[in-house]
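Summary of structural features
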Amino acid sequence: GQSLEQPSEVTAVEGAIVQINCTYQTSGFYGLSWYQQHDGGAPTFLSYNALDGLEETGRFSSFLSRSDSYGYLLLQELQMKDSASYFCAVRGKNTDKLIFGTGTRLQVFP
Amino acid sequence: DAGITQSPRHKVTETGTPVTLRCHQTENHRYMYWYRQDPGHGLRLIHYSYGVKDTDKGEVSDGYSVSRSKTEDFLLTLESATSSQTSVYFCAITAGGLSYEQYFGPGTRLTVT
């Protein structure tokens, strides 16, 4: 089976850096994805880590450590518009399905 | 914009009535997915399709059925709606056959009274 754990909520101020962690248990593994969802909106794809290490996309970076069954999303230079929920997701081997974590609600304060 | 629409966007129905939600894509993608989203549970897969007439169950499939007679349309049916099926339903498609990168429709908010 597969399960992913994330903190339920994180708060930070504008301009700060925040890290959202995701730990997973899975019987097989192709990689870790991250999605962003604003209130009332649909999830949108942010990033994917197929290999260990850091992937950077502008202000957002995502990290994966397969040996630790752990990943994180790093958001830098926080802006008010970054206030949203963030979900990690894994695709197991031999499956076309994504399993999502329960999500982390990020609140950015001025 | 991934070209995914869902209809209706909002629906209120009574317990015991049948309900069909429609997902339409213009991208000609092979894979389509139905999720439900509830507070504290994130996104949970109901059913998915890997081609016309090819479907499979997700983790919360009980009480739901699906059909895909055309590449562009994926229908989700609640045969007899229950209050526990009050939720926001999202359809998704994969981009380029890589299911780690999914594009979601705008969602349908369903309330069963």
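None of the values given here were measured: they were computed from a predicted structure. (Residues numbered from 1 in each chain as written. Chains lettered and ligands numbered in written order. Predicted model: local features only at pLDDT ≥ 70, side-chain atom pairs only at ≥ 80, totals over all residues. Heavy atoms only, no water.)

Residue and element names in this part refer to chain A. The full count for this structure, using the stated rule, is 2 disulfides over all chains. Paired by a disulfide, Cys22 and Cys88 hold their sulfur atoms 2.1 Å apart. Judged by the sign of its S-S torsion, about 75°, the cystine formed by Cys22 and Cys88 is right-handed. Remark: Cys88 occurs in strand β9 (residues 84-91) and Cys22 occurs in strand β3 (residues 18-25); sequence separation between them is 66 residues. You can call Cys22 buried: its relative accessible area is 0%. (Disulfide = S-S within 2.5 Å. Helix = DSSP H or I, 4+ residues; strand = E, 2+ residues; numbered from the N terminus. Buried < 20%, exposed > 50% of the residue type's maximum accessible area, 1.4 Å probe, protein only.)

Attention shifts here to the sheet that holds strand β8 (residues 73-78) of chain B. All names here are of chain B. Judged by pairing direction, the sheet is antiparallel, and its 4 strands sit side by side in the order β1-β3-β8-β7 without closing on themselves. Either end of the sheet is taken by a strand with one partner, and the two such strands are β1 (4-7) and β7 (64-70). If you compare each strand with its neighbour and ignore which way they point, the axes differ by 20° on average. In the sheet, β1 pairs with strand β3 (residues 19-25) via 4 bridges, with the strands oriented antiparallel. Residue pairing for β3: Thr5 is matched across the bridge by His24. (Pairing = 2+ DSSP bridges. Axes fitted to C-alpha atoms, helices over the stretch in contact; angles between N-to-C directions.)

On the side of chain B, 19 residues touch chain A, which itself brings 16 residues to the contact. Counting each side, the surface lost to burial between chain A and chain B is near 1,600 Å², with a carbon and sulfur contribution of 60%. The three residues of chain A that bury the most area against chain B are A:Asp96, A:Lys97 and A:Phe100, which together make up 33% of that side's buried surface. One can count 0 salt bridges joining chain A with chain B. At the boundary of chain A and chain B, one finds 4 residue pairs in polar contact (both at pLDDT 80 or more). Elements with a minimum of two residues in the side of chain A that touches chain B: β4 (32-37), β5 (44-49), β9 and β10 (98-100) of chain A. Among the elements that line the side of chain A that touches chain B, the one with the most residues is β4(A), at 3 residues. The class makeup of the residues in the side of chain A that touches chain B is 8 nonpolar, 5 polar and 3 charged. (Contact = heavy atoms within 4.5 Å. Buried area = accessible area lost by both parts, 1.4 Å probe. Salt bridge = Lys/Arg side-chain N within 4 Å of Asp/Glu carboxyl O. Polar contact = N/O pair within 3.5 Å; in protein donor to acceptor, adjacent residues only side chain to side chain. Nonpolar A, V, L, I, M, F, W, Y, C, P; charged D, E, K, R; others polar.)

Nothing here speaks to function; it is geometry throughout.
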